[in-house]
Amino acid sequence: MKTAIIGTGYVGLTTGVALAYLGHEVTCLDVDATKVENLKKGKSPIYEPHLDELLSLASRNLKFTLDADAALRDAEVVFIAVGTPSLPDGNPNLTYLKSAAQSIGEKIASPYVVIVNKSTVPIGSGNWVESIVRDSYRANNPHKNSSFIVASNPEFLREGSALSDMLYADRVVVGADDQKALDVLRKLYQPLLEQTFESPAFLPRPEGFRAVHFLTSDLQSAELIKYAANAFLALKISFINEISELSEKVGADIQHVSRGIGLDSRIGNRFLQAGIGWGGSCFGKDTAALISTGKEYGLSMPITQAARDVNMRQRARMVEILMSELKILKGRKIGILGLSFKPFTDDLRDAPALDIGNRLIERGAKVVGFDPISMERAKKEWADTPIEFAPDAESVFSEADAVLLVTEWPEFKNLSFDRCAKHMKNRLVLDGRGHLEASKLQSAGIQLITLGRSSK
Ligand code: UGA
């Protein structure tokens, strides 16, 4: 199918590359000339495992352009995957969505076009987009008669595993108030739903994985599914973090508790990893938007609010624990291992490392961080924060009064803690992700404090 994707961020690019790999003719449109130039050369603007390789395998079916007319003229399906960053009041900024809708109205010319909202948009945005497309279409194409429909197809990709989340999804959710649009999208996703495509060697199909659920609904339900899914995942994390604090107090080990409750299939073991809590561009933004939507309807959302509060408390706790151990933070050198909001991505949006770093700096500490992938980005994006950067993970320990593990990159597990210990001023490590092996640190003479484990 002739498919256009507006926006080559995480969602747009992953969707575009995957659909092209599945055999569709995909054109990705963006307004950023450098991004488009790089993509034409096969270079992805983001760090995402296997994206470059899939880009090259799919390149026969994939074009990148700045030209809206070229992208939209023949498109039968148009995905909108532009950013919707949070405004200060918690509502998403819909400027890019609006301009995407306007150019769709201006340029589409196929007889029947399905416009698919893939960006996370407030509930009701589908209708809003449809009215913008309609006005723009009428104003620009008075003598043509394409018909179009707006559908919602929320994405559930996790950064760092976006491609396998897309190709081997738990489900594809599509909402539209028109059966024909649902049929078009079912056809578009057919190879994925039936798993008839040949798996790329670097992304093998999980054993026993045979089909993907296709869930159709009305427009509003699909829009709400996205928010409800993210809020539920966020509150699962906050719940285990709340239990984790109690676990420390009563002398329990949160890893056992988490495993013990997760084996109950009604609860499930995923997203029960206790630690500093969530960061990234999604959970914070989407829980804020859900609360703000509730408010519009006079509805408070206490559970979602509590998930946010607990999440912030985890970051503050890291600093509190340090204060109780070191007493004075002024003049101390604190190392931070891991800067991205989670491993296998260079994304720094709402990264706990920055928040914790700032809290320490405010209290007079000197903060030195290291990350295997996101350092260059951090140097640019955090230019106005006085966080210093170490050339490698071991250097973070040099002269440190304490080191915090904030992001669980696998390589941090295998550091030579004996060597690290020798260079520390004070041998204290605070593991915010339950990632390090206690025995290794103990044998190096390092005091290890792990969130969720009593210090015994
Ligand atoms: C999240 C959702 O998982 C995706 O389904 C969704 O599509 C995406 O948001 C989105 O809305 O775009 P993402 O933010 O990429 O994906 O990353 P996650 O793997 O969900 O992790 C989010 C944060 O939660 C990370 O900071 C991670 O360290 C933290 N986390 C995750 C925990 O603290 N504990 C866990 O058990 C799991």
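Quick notes on the rules
- Residues numbered from 1 in each chain as written.
- Predicted model: local features only at pLDDT ≥ 70, side-chain atom pairs only at ≥ 80, totals over all residues.
- Heavy atoms only, no water.
- Helix = DSSP H or I, 4+ residues; strand = E, 2+ residues; numbered from the N terminus.
- Rg over C-alpha atoms; globule rule 2.2 N^0.38 Å.
- Buried < 20%, exposed > 50% of the residue type's maximum accessible area, 1.4 Å probe, protein only.
- Areas by Shrake-Rupley, 256 points an atom, 1.4 Å probe, with all protein chains shown as cover.
- Lys, Arg positive; Asp, Glu negative; His and termini not counted.
- Charge placed at Lys NZ, Arg CZ, Asp CG, Glu CD.
- Near = heavy atom within 4 Å.
- Polar contact = N/O pair within 3.5 Å; in protein donor to acceptor, adjacent residues only side chain to side chain.
- Pairing = 2+ DSSP bridges.
- Right-handed = clockwise from strand over helix to strand, strands pointing away.
- Contact = heavy atoms within 4.5 Å.
- Expected span 1.5 Å × (residues − 1).
- Arc of directions from axis to C-beta.

Focus on the overall build of the protein chain
Secondary structure summary: the protein chain contains 16 helices and 14 strands in total. Taken over C-alpha atoms, the radius of gyration comes to 24 Å for the protein chain, in line with the 23 Å a tight globule of 456 residues would show. For the C-alpha atoms alone, the extent of the protein chain along its principal axes is close to 75 × 50 × 45 Å. Counting only residues that meet the buried cut, the protein chain has 54% of its 456 residues in that class. For the protein chain, the exposed area adds up to about 20,400 Å²; of that, 52% sits on carbon and sulfur atoms. Averaging the coordinates of the 54 positive side-chain charges in the protein chain and doing the same for the 56 negative ones gives two points 2 Å apart.

Description of the site of the ligand
By nearness alone, 21 residues border the ligand, and Glu159, Lys226, Asn230, Cys282 and Lys342 come closest of all. Residue Glu159 places a main-chain N or O atom 2.7 Å away from an oxygen atom belonging to the ligand. A distance of 3.0 Å separates an oxygen atom of the ligand from a polar backbone atom of Phe341. Considering the ligand on its own, with 710 Å² of exposed area, one finds that the protein chains cover 91% of that surface.

Structural notes on the pairing of strand β8 (residues 213-217)
Pairing analysis gives five bridges linking strand β7 (residues 171-175) to β8, with the strands arranged parallel. Paired with Val173 across the two strands is Leu215, which belongs to β8. Note on the crossover from β7 through helix α8 (residues 179-193) to β8: the handedness is right-handed.

Some words on the side chain of Lys333
The residue Lys333 is located in strand β9 (residues 333-337) in this model. At a separation of 2.3 Å, a polar atom in the side chain of Lys333 contacts the main-chain carbonyl oxygen of Ser398. Apart from residues no more than four positions distant in its own chain, Lys333 is found in contact with Lys366, Val368, Ser395, Val396, Ser398, Glu399, Ala400, Asp401 and Ala402.

Let's talk about helix α6 (residues 125-140)
Its 16 residues place the ends of α6 22 Å apart at the C-alpha level, agreeing with the 22 Å of an ideal helix rising 1.5 Å per residue. Within α6, the full set of buried residues consists of Ser125, Gly126, Val129, Glu130, Ile132, Val133, Ser136 and Tyr137. The buried residues of α6 occupy one face: seen down the axis, they fall within an arc of 165 degrees. Opposite the buried face of α6, by more than 90 degrees, sit the exposed residues Arg138 and Ala139.

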